[in-house]
Amino acid sequence: QVQLVGSGGGLVQAGGSLRLSCAASGRTFSTYAMGWFRQAPGKEREFVAAISRSGSLYYADSVKGRFTISRDNGKNTVYLQMNSLKPEDTAVYYCAAQEGWRGSGYSDYVTTRLYDYWGQGTQVTVSS
C-alpha cells in the first residue's frame, strides 16, 4: 500500500509561482503513474496533470504551458511546478497514484476513479 503526503501550498499573488511536492511511501513508486487533481469549494474534482511510469506528460488545457509535472523516482516524489498563477487556480490540490496496470493513455490518466491512492491535499490560494 502507498501513502502520499502533499505539501508546498500557500498564498500567492496572481502571476506568482508555487511548487507542490508529493512524497510517497513504499518501494514500488516507479511502477505507478502519478497525477495531480484539484478541487475548489462547490466544484467537482478536476484533473490537472499526470506523468506515466515512462515519463509521458499529460496536462489539462487550463494549465498547459504554465504548470509542469515531474517525478524523481529516487526520492519517491512527484512535483507540480506552477507558474503564472491565476485566481482560477485556487483550490485544494491532491496528488494521486495509479497502479501501473491501469493506465495506457490520456483517458486513463485523467480519470479520477482509476487512481488507487490519494494524498491529503494542500491548499493553493491565488489572490488577484
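Calculation criteria
Residues numbered from 1 in each chain as written. Predicted model: local features only at pLDDT ≥ 70, side-chain atom pairs only at ≥ 80, totals over all residues. Heavy atoms only, no water. Pairing = 2+ DSSP bridges. Helix = DSSP H or I, 4+ residues; strand = E, 2+ residues; numbered from the N terminus. Axes fitted to C-alpha atoms, helices over the stretch in contact; angles between N-to-C directions. Core = buried A, V, L, I, M, F, W, Y, C linked by side-chain atoms within 4.5 Å. Buried < 20%, exposed > 50% of the residue type's maximum accessible area, 1.4 Å probe, protein only. Contact = heavy atoms within 4.5 Å. Salt bridge = Lys/Arg side-chain N within 4 Å of Asp/Glu carboxyl O.

### Points about the sheet that holds strand 8 (residues 77-82)
On the basis of which strands lie adjacent, the open sheet formed by 4 strands has the order 1-3-8-7 and antiparallel pairing. Each edge of the open sheet is held by one strand with a lone partner, namely strand 1 (4-7) and strand 7 (67-72). For this sheet, the mean inter-axis angle between neighbouring strands, taken without regard to orientation, is 15°. Sheet analysis places strand 1 next to strand 3 (residues 18-24), joined by 4 bridges and oriented antiparallel. Bridging across to strand 3, Ser7 finds its partner in Ser21.

### A word on the nonpolar core
With 38 residues, the main nonpolar core has Leu4, Trp36, Leu80, Met82 and Tyr93 as its most contacted residues. Counting residues per element, the ones that place at least two in this core are strand 3, strand 4 (32-39), strand 5 (46-51), strand 6 (57-59), strand 7, strand 8, strand 9 (91-99) and strand 11 (122-127). Residues in contact with Tyr93, not counting those within four places in the same chain, are Leu20, Trp36, Phe37, Arg38, Val48, Phe67, Leu80, Met82, Gly121, Thr122 and Val124.

### Let's talk about the pattern of salt bridges
In the structure shown here, the tally under the stated rule is 4 salt bridges. Residues Asp89 and Arg38 are paired through a salt bridge, measuring 2.9 Å at the closest nitrogen-oxygen approach. Of the two residues, Asp89 sits in the loop between strand 8 and strand 9 while Arg38 sits in strand 4, which places them 51 residues apart along the sequence. Salt-bridge contacts for Arg66 lead to Asp89; the nearest nitrogen and oxygen are separated by 2.8 Å. Remark: Asp89 occurs in the loop between strand 8 and strand 9 and Arg66 occurs in the loop between strand 6 and strand 7; sequence separation between them is 23 residues. Of the two residues, Arg66 and Asp89, neither departs from the other in class, the shared state being buried.

### Considerations on the pairing of strand 7
Only one face of strand 7 is covered, namely the face carrying Phe67, Ile69 and Arg71; the face carrying Thr68, Ser70 and Asp72 is uncovered. Both strand 7 and strand 8 contribute to a ladder of 6 bridges, which runs antiparallel. When the sheet's bridge partners are listed, Asp72 is paired in strand 8 with Thr77.

### Some thoughts on the environment of Asp89
Look at Asp89 and you get buried, because its relative accessible area is 1%. Taking C-alpha positions, Asp89 is 9.8 Å from Ser127, a pair spaced 38 residues apart along the chain. Look past the residues within four positions of Asp89 in its chain and what remains in contact with it is Arg38, Arg66, Phe67, Val124 and Val126.

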